[in-house]
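Fold and geometry: a report
The primary structure of each chain is shown beneath.
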Amino acid sequence: MQTNLADFIKGSAEGDEAEAILRSCVHCGFCTATCPTYQILGDELDGPRGRIYLIKQVLEGAVVTKKTQTHLDRCLTCRSCETTCPSGVKYGRLADIGRKVVEARVPRPLGERITRTLLKEALPRKWIFTPLYKAGKLLRPLLSPAMQDKLPKTTRAGLWPRREHARKMLVLDGCVQPAMAPNINAATARVLDAFGVQLIVAPKAGCCGALRYHLNDQAAALDDMRRNIDAWWPLIEQVEAIVMTASGCGVTVKEYGHLLAHDAAYAENSQRISSMTLDLSEVMPQFEGGLVEKLKGKLARRVAYHPPCTLQHGQQIRGKVEGVLRAAGVDVTLCADSHLCCGSAGTYSVLQPVLATELRDRKLANLLATDAEVIVSANIGCLNHLQSGTETPVAHWIELIDQALA
């Protein structure tokens, strides 16, 4: 694709990156076939190819309109298009760059500004979100059905193991997961403990930065990333990996090295942090033999697995969760159209509720068609969103293994 970037971005680091991405696109349109919003809306501008055109126009100096902003807002940033693209177009990065420019040019209505400010200021801060979440649970019967959907039943965390092991790994606590699903990290700690690995939480680490970054508050998001690096750094020589139990956080932390490459004070450290970061599904395969020996078929349940977009498209990790579950004796299956987004996508289900609900219901119809007893996934947003539409239990896949080992 030929480009002629405007002076405001030409020659900058983001401009050079955007230009390289735009030039790699050959307009083939393969991406539209796997774009969730295009499948629902059928509008070229609500598919990756159309959005690429819009971003190209913006970066070339065209007048930016509310219409452009709306089409970019509807994008889930699921990155399914990146998996499909034969030319390797890094659409996710281009969307981040384009949205940042559009956000600065198109004023949002007061209601949108208030909602986005509340999301980016409250959700990343555990000391704000956790009491709000607990209050919401107490007042749940008084809330609207839409708000009640955001407050599913919480599984209490069991005991965190206290044994010391020579092998140690860090884990990110995150921002909303400790309140919404505290058992996920506790279950992970117990499972790893059973295989001689000690899981450590750095107290000052918090939100990975994804939430603010995708709400176009990129400066604050980079500060979140720097804070995490500072929190982990004193422990970095003691651990062999940084484990992510939420794939949405994992894909972001793995990109710290790229996102902070311009920051001389953090460029080197961020690269190391990213290189040490592993999704839990990348850690557990080494213990498959031990799972077979310990469980001996005790976990013979029919399970449907929903692979989060941030895992299968963002991190390009496929098959590992299924492999670990099968080693544990689980009859695990993927549903039809397993490559498509469930509609959660961070704050998307709040900001685009109609599209998010349509995607959730389509996903659940396919998952429930497998006749599974349990639905499992690997990201807190997917778990919460899917559970809001079904009575079938939805859990993190590591919780099944934890239950069986117990």
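The structure under discussion appears in the preceding block.
Summarised in this report is the structure supplied together with it. Residue positions are given per chain, counting from 1 as you read along its sequence in written order. It should be noted that, the model being predicted, local features are given only for residues of pLDDT at least 70 and side-chain atom pairs only at 80 or more, the latter also being counted only at that level, while totals for whole chains, interfaces and linings use all residues. Each side-chain value is derived from all of the structure's non-hydrogen atoms; neither hydrogens nor water enter the calculation.

1. Quick look at helix α8 (residues 126–138)
For α8, built from 13 residues, the straight-helix expectation of 18 Å at 1.5 Å per residue is met to within 8% by its first-to-last C-alpha distance of 18 Å. Only protein chains enter the area calculation, which uses a 1.4 Å probe; residues under 20% of their type maximum are buried, those over 50% are exposed, and those in between are partly exposed. Labels follow the DSSP assignment, with helices taken as runs of H or I lasting at least four residues and strands as runs of E lasting at least two, numbered in each case from the N terminus. Among all positions of α8, only F129, T130, Y133 and G136 are buried. An end-on view of α8 places all buried positions within 130 degrees of arc, on one side of the element. Across from the buried face of α8, at angles greater than 90 degrees, the exposed residues are W127, L132, K134 and L138. Contacts are assigned to residue pairs that have any heavy atoms within 4.5 Å of one another. Contacts made by the buried residues of α8 are with α7 (110–122) and α10 (177–180). Expected helix span is given by 1.5 Å per residue-to-residue step, counting one fewer step than there are residues. The directions considered for the arc are those from the helix axis to the C-beta atoms.

2. A few points about helix α23 (residues 380–387)
With respect to burial, α23 is a largely interior element, 6 of its 8 residues being buried. Listed as buried for α23 are I380, C382, L383, N384, H385 and L386.

3. Considering the sheet that holds strand β7 (residues 374–377)
At least two DSSP bridges between two strands are needed for those strands to be called paired. The strand order β6-β5-β7-β8 describes an open sheet built from 4 strands, whose pairing is parallel. Each edge of the open sheet carries a strand with a single partner, namely β6 (331–334) and β8 (394–396). Each strand axis lies, on average, 35 degrees off the axis of its neighbour in the sheet, ignoring direction. Note: strand β5 (residues 302–305) against β6, 4 bridges, orientation parallel. Looking across to β6, one finds that V303 is bridged to V332. Geometry is summarised by axes, namely lines fitted to C-alpha atoms with helices restricted to the contacting stretch, and by angles between N-to-C directions that run from 0 to 180 degrees. Strands β5, β6 and β7 of the sheet are contacted by helix α20 (residues 320–327), whose axis makes an angle of about 160 degrees with β6. Packed on one face of the sheet, helix α24 (residues 397–405) meets β5, β7 and β8 and runs near 80 degrees to β8.

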